Amino acid sequence: MARVGTGTEGAAGERRQLINVAYRLLGSVTEAEDAVQDAYARWYGLSRSRREEILSPGAWLTTVTGRICLDLLGSARARRERYVGAWLPEPLPDRAEWDRAGGAGSAGPADPADQIVLDESVAMAFLVVLESMTPAERVAFVLHDVFRYPFAEIAGVLGRTPAACKQLASSARRRVGDARVPAPAATGGDVVRRVKEAWETKDITALVGLLDPAAVMTADGGGMVGTVLRPVAGGARIAAYMVAIADRAPGLELLERSVNGAPGLVARRAGAVVTVASLDVSADGLVTRVWVTRNPEKLRPWTSEG
């Protein structure tokens, strides 16, 4: 399941891979970091002789991390039922881009967000579909389809037979197909830029022209900040909402930034990030989905950026 390595060095070198697995399983940078820390605590809790018996620390750590994530996913369902409004995965910044723009330096301990590979499997549309899966489906699908782990080893995480794990991944794959998760549009950056310009000038006609008539906007405030509690459906309604926000939020600075590896928008007030928006752009250049994260707890990876 992972590179073969022995001893402390072999275990320590797996941290980046584990963070990548855990974020895709949990949709939360904070929870991913906690899960990996827990796995390492269990590793170092083993006797030295026991650690030396383990031929692949990476495989052991991945199995333990997977089981921890599986437990967290099970308990998360109950927590989501009590969550105020819609729940969205935590948005990820592109650290290299922020550094070039004059953000936080690279000195000091690596931030978990630094270690996550930004590819199609962390696109907001993809992560949202993962949320629709059962915990077992999500683990089987992510480990097999994203990270290419064999079902024989995934069976050790889920405590099921390889055949059962294969069926779980197949069921999850159908969910992805039914959701019709789009590939990132090549014109996404241009469209996002035009959305920004139209929002700044409060040009509702231009916004309506950039939004698919059937577009949907989902916002996550977690009950900690004001936002719509239910998805806003329809391009015209979304445009009207955006203009209304612009009217009520003087001094808000809108920036084009990479969000989960795709063009997105970040709103700052007095230099502090208050909103991160991820946009899904279709092949014909229209915005079909908007995911808006305002819950301050989910913006922590962005807070050190200036």
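Position numbers for residues start from 1 in each chain and track the written sequence from start to end. Note on the predicted model: pLDDT of at least 70 is required for a residue's local features to be given, and 80 or more for side-chain atom pairs to be given and counted; whole-chain, interface and lining totals, by contrast, use all residues. Derived side-chain values reflect all non-hydrogen atoms in the structure, with water molecules and hydrogen atoms excluded from consideration.

Re the sheet that holds strand β5 (residues 272-281)
Sheet strands line up and pair through hydrogen bonds in the backbone, either parallel or antiparallel. In plain terms, the rule: Here, strands pair whenever DSSP counts at least two bridges between them. The way it works is that DSSP assigns letters per residue, a run of H or I at least four long becomes a helix, a run of E at least two long becomes a strand, and they are numbered from the N terminus. Between two residues, a contact is recorded if the distance between any of their heavy atoms is within 4.5 Å. As a rule, the C-alpha atoms of each element are fitted with a line to give its axis, helices using only the stretch in contact, and angles between N-to-C directions run from 0 to 180 degrees.
Taking strand neighbours across the sheet as the criterion, the six strands line up as β2-β1-β6-β5-β4-β3 in an open arrangement whose pairing is mixed. Here the strands that pair on one side only, and so sit at the sheet edges, are β2 (232-233) and β3 (253-259). In this structure, β5 lies alongside strand β6 (residues 287-293), joined through six bridges in antiparallel fashion. Residue pairing for β6: S278 is matched across the bridge by W291. Against the sheet, helix α13 (residues 235-248) makes contact with β1 (211-220) and β2, and its axis sits at roughly 50 degrees relative to β1, the strand it touches most.

Concerning the confidence of the model for the chain
Let me state the cut-off plainly: The pLDDT value expresses, per residue, how confident the predictor is, ranging between 0 and 100.
Per-residue confidence for the chain gives a mean pLDDT of 88, with 88% of residues at or over 70. Taken element by element, the chain is modelled with least confidence in helix α6 (residues 95-100), mean pLDDT 52, and with most confidence in helix α8 (residues 135-146), mean pLDDT 97. Here residues 1-6 scores under 50 on pLDDT; set against residues more than four positions off or in separate chains, the count is 24 contacts. Note that pLDDT drops below 50 for residues 100-109; the model gives that stretch eight contacts with residues more than four away or on any other chain.

Section: the pattern of salt bridges
This is how it is decided: By salt bridge we mean one thing: a side-chain nitrogen of Lys or Arg within 4 Å of a carboxyl oxygen of Asp or Glu.
Throughout the structure, instances matching the rule amount to 15 salt bridges. For R42, the salt bridge identified is with D38, shortest N-O distance 3.2 Å. Residue R42 and its partner D38 are located together in helix α3 (residues 29-45), separated by four residues, close to a single helical turn. One salt bridge connects K202 with D247, and the closest N-O pair in it is separated by 2.9 Å. On the criterion of sequence distance, the pair formed by K202 in the loop between α11 (188-200) and α12 (204-210) and D247 in helix α13 is long-range, its members being 45 residues apart. Connected through shared salt-bridge partners, D190, R193 and E256 make up one network.

Observations concerning the packing of aromatic side chains
Short version of the rule: Stacked, tilted and edge-to-face are the three classes assigned to paired rings of Phe, Tyr and Trp, where Trp is represented by its six-membered ring and a pair needs centres within 6.5 Å; plane angles under 30 degrees give stacked, over 60 edge-to-face, the rest tilted. With a 1.4 Å probe rolled over the protein chains alone, any residue whose accessible area is under 20% of its type maximum counts as buried; one over 50% counts as exposed, and the rest are partly exposed.
Counted by the stated rule, this structure contains four aromatic pairs. Ring centres of F126 and F141 lie 5.9 Å apart, and the angle between their planes is 35 degrees; this geometry places the pair in the tilted category. In this pair, F126 is assigned in helix α7 (residues 124-130) and F141 in helix α8, connecting sequence segments 15 residues apart. Across this residue pair, the class does not change: F126 and F141 are buried.

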